[in-house]
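# Commentary on secondary and tertiary structure
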Amino acid sequence: MGDPLERLELEDAGGSSLKDDEVCMEIDPPFRESTATTEDWRKALAKVVPAVVVLRTTACRAFDTEAAGASYATGFVVDKRRGIILTNRHVVKSGPVVAEAMFVNREEVPVYPIYRDPVHDFGFFCYDPGVIQFLKYEEIPLAPEAASVGLEIRVVGNDSGEKVSILAGTLARLDRDAPHYKKDGYNDFNTFYMQVVRALKFLQNGRDSFVKKWEAVSILRGTLQVTFVHKGFDETRRLGLQSETEQRVRHASPQGETGMLVVESVVPGGPAHECLEPGDVLVCMNGEVITQFLKMETLLDDSVNQKIEIRIERGGTPLTVNLLVQDLHSITPNYFLEVSGAVIHPLSYQQARNFRFQCGLVYVAEPGYMLFRAGVPRHAIIKKLAGQEISLLEDLISVLCKLSRGARVPLEYVSYADRHRRKSVLVTVDRHEWYAPPQIYTRDDSTGLWTVKPAFQPDAGLLSSGINDLGGIRSDAVPLCTEASSVGHMHHDSRAELNEGVTSMETSYEHSSEGGHPRAESDVETKKHRVKEDFSSDGNAVADGSFLETDEGDLEDANTVENSVMRDLQGENVAAANSSLAERIIEPTLVMLEVHVPPSCMLDGVHSQHFFGTGVIIYHSQNMGLIAVDKNTVAISASDVMLSFAAFPIEIPGEVVFLHPVHNYALISYDPLALGAVGISLVRAAKLLPEPAIRRGDSVHLVGLSRSLQATSRKSIVTNPCAAVNISCADCPRYRATNMEVIELDTDFGSTFSGVLTDEHGRVRAIWGSFSTQLKFGCSSSEDHQFVRGIPIYTISQVLEQIICGAQGPPLLINCVKRPMPLVRILEVELYPTLLSKARSFGLSDDWVQALVKKDPIRRQVLRVKGCLAGSKAENLLEQGDMVLAINKEPVTCFRDVENACQELGKHENRDGKLNMTIFRQGREIDLLVETDIRDGSGTTRVINWCGCIVQDPYPAVRALGFLPEEGHGVYVARWCHGSPAHRYGLYALQWIVEVNGKQTPDLDAFLNVTKEVEHGEFVRVRTIHLNGKPKVLTLKQDLHYWPTWEVRFDPDSAIWRRNTIKALDYSSNL
């Protein structure tokens, strides 16, 4: 096939080479009458159609102007011997791409990019011609000189990658201006396009096989970083062109010339910057009159790294400038940094022209997780990180290699939409191993691949200590950052345990749309309590060792400091005048949580990456702090949580330690020593009041936090203390509250305000939490919504007591201390209440009606079975519609009765874990022994990424649908990544993988064992079953180069999510 980077020669139909002067086409050649007959067209098309191919391309990463994704396009063979296919630039892609060509007889062949033009919309793929065995085809010669106005043509392409389409048309113009597609994407310029009379499809949409431009494929490309436009002579005269100059140009130009080239824009920092200006009329280059784009670009291509003389007229004044022609490929990026899912590379000529920035600046093609979490948008230009100026990508890498996990550093960037002002944000380096270590991808045109190597040396500072002098920031391996009166000043807990590791990064992910409780990206900002300007610097103090040995005198001193700072921060008179007693008592216990979910671990159907919510401190000591919050704020354990305290202006990280498998709450831990001496004394735990239970008519205070961390309280009356929650399943199954009774108030406080319900003394009786739901409109549309209700505090207090006193569950490292976590015994059955009046109609006896009324004269209801969770121990015993009358001979009327019965089983180790249940089924009373299930509060702790799809074990929300595949259940596809093999071949979410290459995959371990046998580039056969039960078999080609197999698993011994590469290509030779 030869060197793919050699200069490719365009040949006409006769086979003779085109000279430069022959390529210089006339703008409007004479009209040529078509004499072709139908038979002529049939013969021509029979020759052309076999050479037209369907290109299936997958952009593996976002890069430059293109996003990651999979698409279809058209190309055509222009060199059969060397196997070269001509297509559009946006098909070849400027970044990593994997592609196949499918010929008309459906033979498929891998193709590799060998050239994409930096400016114009064409590029070349190459393939091995020997692979095509069953098709006779010929290459399509390039004959641009044959184009003329009025020429009848046929446009041959494909229809959405499926069938050949042939459109008839007539060339109407040869000098159509290049179209402008996007202000922040790819645009062609400095060229003419042709226009066909039939407007069904533009010739530039990637589905045609007609040559659209005259440019020859060339490796050497020159540029002045100037955009020209072709203006008519009338317009150039208005711009000041002298009549004598016009006459000379007309005389020296091809017959029919209609205008001249005019400068439209000049890229800052380019060869023509401050030499050429918009409105300059180009007269000649190196003494030769230039009025056509092709002639100008041919001269530039032949003068790379040489100076040329340019004559222009500016407002009627002749000027001559000498400019150095720059190599166009030198300002076209061919490498990028991948860090925490972000793709960062030097700013390309295309985007520099769009944004009017200098080429080579550090450009964010995809923000990934770490930058998205900080609020850095796509197309941003990074200017400063951790106090260091960033002008080149190497500068950014140099700073990143010194940062440690969990470090929080300031970053400054500019965007093209607001180019005159820098924006400053806080970037938090990933504490957990959500992504692979930083990597550099470099384009290799000899193979068509992008080679990968680590961005840092294995002994780089990121693996151990951090930098100590960046903007007043001290970074330990897992620092706990506290924020005081300024963003630039932070202090990290000196007790933070050093952790060997590198900040991780990988590919971009499909972002879920945000709605309801989640907040938009623009709202991502650091929240601070308002403080007085004279706030003492002691507020930043970190507790030292002496604080751990606290005696009565120390407590008195702490109380004195607390009272003093409280007066400074809140103002005693203002607080007494404008807040209730309950608000003043509860405010120091409230916390605002900001939660981010990494795209690489969007598990359990979580519907957003970003959440806000208010939590309450339920435990606070020197060694551990615990916060209770609803699960619509902390939905899964694979999350990064930042805590902002109402009592003290500080922001520290938190860790998810418990997710209740049924109730809508989670527990978040924090390190009290990270608050500092003053903070630890100001922050308090709320007093919980689980008994007596809230009753109808009780007066409560709803106290919560605004987004500015200001406490707000309202007095209200309880209207319904035992309203049963009824939330339907979402399209993508996610946690929904079941078997819960919530508290309703007489006042609507909106759907976003959360907090706690207290009595008049500030004792917490319930959490005012957020619930996620989905409203469905018809069969195909839905919308995420949320509502808030009171969650009784009794279930939280029970779990808290087990954590403090020592539970029987698996240990978890919390603040360097291993603590056993509770296990929850539950009946995995979804229940719903039915009025006794309805139950009587189903045949329930009067004796049972009277017994249930006597047990609970307020509710007057009976619980019925809505369904059992698939795979639960009760699945084959209880049926839909069963009425639960009694458990262990005790009447049951509410969800709490069932919970209490399950908990009693946990207190007696000698029991077999079975409930003696009396049910009413189809007119008969039945006694059953139903075994319960034991669940921990860890949630999903393991996820696998294979071929770009995120695979996990079926989680409760999926099992609640009542269906698991019979073939050993299988592993569940939770998400898929854009630009991955899963995207390319259609292995989408909401289905189980039950077989790979005929081998069953009942669980994650079996799945890994099977997939580890598959080598790079091999096709595998995958059998799936959708949530609706529909089976499907598809084939998929494994790509270990761009999409290695890896898993992320939570390690309870270190309380860190660890990333482990299961199978990848060996890149040790690239080091």
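Description of the structure in this document. (Residues numbered from 1 in each chain as written. Predicted model: local features only at pLDDT ≥ 70, side-chain atom pairs only at ≥ 80, totals over all residues. Heavy atoms only, no water.)

## Description of the pairing of strand 38 (residues 755-758)
This is how it is decided: By this definition, two strands are paired if DSSP reports at least two bridges between them. Runs of H or I in DSSP of at least four residues are treated as helices and runs of E of at least two as strands, each being numbered from the N terminus.
Both strand 35 (residues 699-705) and strand 38 contribute to a ladder of 4 bridges, which runs antiparallel. Across the sheet, the residue bridging to His701 is Thr758, located in strand 38. Pairing geometry for strand 38 and strand 39 (residues 764-777), over 4 bridges, is antiparallel. By the bridge assignment for strand 39, Thr758 is matched with Val764. If you look at the hairpin formed by strand 38 and strand 39, you'll find 5 residues sitting between the two strands, and Gly762 has a positive phi there, around 80 degrees.

## Description of the layout of surface pockets
What counts, and what does not: Whether a set of points on the 1 Å grid over the protein atoms alone is a cavity depends on a 1.4 Å probe fitting there but being unable to get out, while an open set qualifies as a pocket with protein on both sides within 12 Å along at least five of seven lines; lining residues are those with an atom within 4 Å of a point. Grid points are joined across faces, edges and corners, and a volume is the space filled by probe spheres set on the points. Amino acids are sorted into nonpolar (Ala, Val, Leu, Ile, Met, Phe, Trp, Tyr, Cys and Pro), charged (Asp, Glu, Lys and Arg) and polar (every other residue, Gly among them).
For the largest pocket, the calculated volume is near 1100 Å³. Looking at the largest pocket, it is lined by 48 residues, and the ones nearest its centre are Thr940, Tyr955, Pro956, Ala957 and Arg959. Broken down by class, the residue content of the lining of the largest pocket amounts to 22 nonpolar, 15 polar and 11 charged. By volume, the second largest pocket amounts to about 950 Å³.

## Comments concerning the sheet that holds strand 2 (residues 69-79)
Put simply, the rule is: Each axis is a line fitted through C-alpha atoms, and for a helix only the stretch in contact is used; angles between axes span 0 to 180 degrees, taken between their N-to-C directions.
In spatial order, the strands read 1-2-3-6-5-4; together these 6 strands close into a barrel with antiparallel pairing. Neighbour to neighbour, the strand axes of the sheet diverge by 40 degrees on average, direction disregarded. In the sheet, strand 2 pairs with strand 3 (residues 84-87) via 3 bridges, with the strands oriented antiparallel. Following the sheet pairing, Asp79 is matched in strand 3 by Ile84.

## Notes on the sheet that holds strand 32 (residues 640-645)
Counted only if it meets this: Residue contacts are counted whenever heavy atoms from the two residues lie within 4.5 Å of one another.
One closed barrel holds the 6 strands; their spatial order is 29-30-31-34-33-32, and the pairing between them is antiparallel. Between one strand axis and the next, the sheet turns by 40 degrees as a mean value, whatever way the strands run. Of the strand pairs in this sheet, strand 32 and strand 33 (residues 651-659) are connected by 4 bridges, and their pairing is antiparallel. Bridge assignment links Leu643 to a residue of strand 33, and that residue is Ile652. Sheet strands touched by helix 14 (residues 794-805): strand 30 (610-620), strand 31 (625-629), strand 33 and strand 34 (666-670). Its angle to strand 30, the strand with the most contacts, is close to 60 degrees.

## With respect to helix 17 (residues 895-907)
Rule in force here: To estimate how far a helix should extend, the number of its residues minus one is multiplied by 1.5 Å. Exposure categories follow from relative accessible area, calculated using a 1.4 Å probe and restricted to protein chains: below 20% of the type maximum is buried, above 50% is exposed, and the middle band is partly exposed.
With 13 residues, helix 17 should cover 18 Å at 1.5 Å per step; its first-to-last C-alpha distance of 19 Å lies within 8% of that length. All of the buried residues along helix 17 are Phe895, Asp897, Val898, Glu899, Ala901, Cys902 and Leu905.

## Some remarks on the packing of aromatic side chains
Here is the rule we go by: Two aromatic rings, drawn from Phe, Tyr or Trp (for Trp, its six-membered ring), form a pair once their centres lie within 6.5 Å of each other, and the interplanar angle then sorts them: stacked below 30 degrees, edge-to-face above 60, tilted otherwise. Placement of a positive charge over a ring is assigned whenever Lys NZ or Arg CZ falls within 6 Å of the ring centre and within 35 degrees of the normal to the ring plane.
Applying the stated criterion across every chain yields a total of 23 aromatic pairs. Note on Tyr955 and Tyr972: the rings are 5.6 Å apart at their centroids and 80 degrees apart in plane angle, and the pair reads as edge-to-face. You can see Tyr955 sitting in the loop between strand 52 (949-952) and helix 18 (956-959) and its partner Tyr972 sitting in strand 53 (residues 971-976), a full 17 residues away along the chain. In terms of burial, Tyr955 and Tyr972 fall into one category: buried. Note on Tyr972: relative accessible area 1%, which makes it buried. Taken together, the ring pairs connect Phe63, Phe336, Tyr441, Trp450 and Tyr1042 into an aromatic cluster. Here the guanidinium or amino end of Arg419 rests over the ring plane of Phe357, the centre of that ring lying 4.4 Å away. Sitting above the plane of the Tyr735 ring, Lys631 keeps its charged end 3.8 Å from the centroid.

## Some details on the nonpolar core
What counts here: Each nonpolar core is a collection of buried residues, namely Ala, Val, Leu, Ile, Met, Phe, Trp, Tyr and Cys, held together in the definition by side-chain atoms within 4.5 Å.
Counting residues in hydrophobic clusters, the biggest one holds 96 residues, and the most contacted among them are Leu593, Leu643, Phe645 and Leu667. Beyond its immediate sequence surroundings of up to four residues, Leu643 is in contact with Val591, Met592, Leu593, Ile627, Ile650, Glu651, Ile652, Pro653, Gly654, Ile668 and Tyr670. Judged by nonpolar contacts, the second largest core, of 33 residues, contains Val78, Val92, Leu135 and Val156.

## Description of the environment of Glu39
Heads up, the condition is: Pairing of N or O atoms within 3.5 Å defines a polar contact, subject to two protein rules: one partner must be a possible hydrogen donor and the other a possible acceptor, and residues neighboring in sequence count only if both atoms are side-chain atoms.
Along the chain, the position of Glu39 falls in helix 2 (residues 38-48). Taking the relative accessible area as the measure of exposure, Glu39 reaches 37% and is therefore partly exposed. Within the local environment of Glu39, its side chain forms a polar contact with the side chain of Arg42, the two groups lying 2.5 Å apart.

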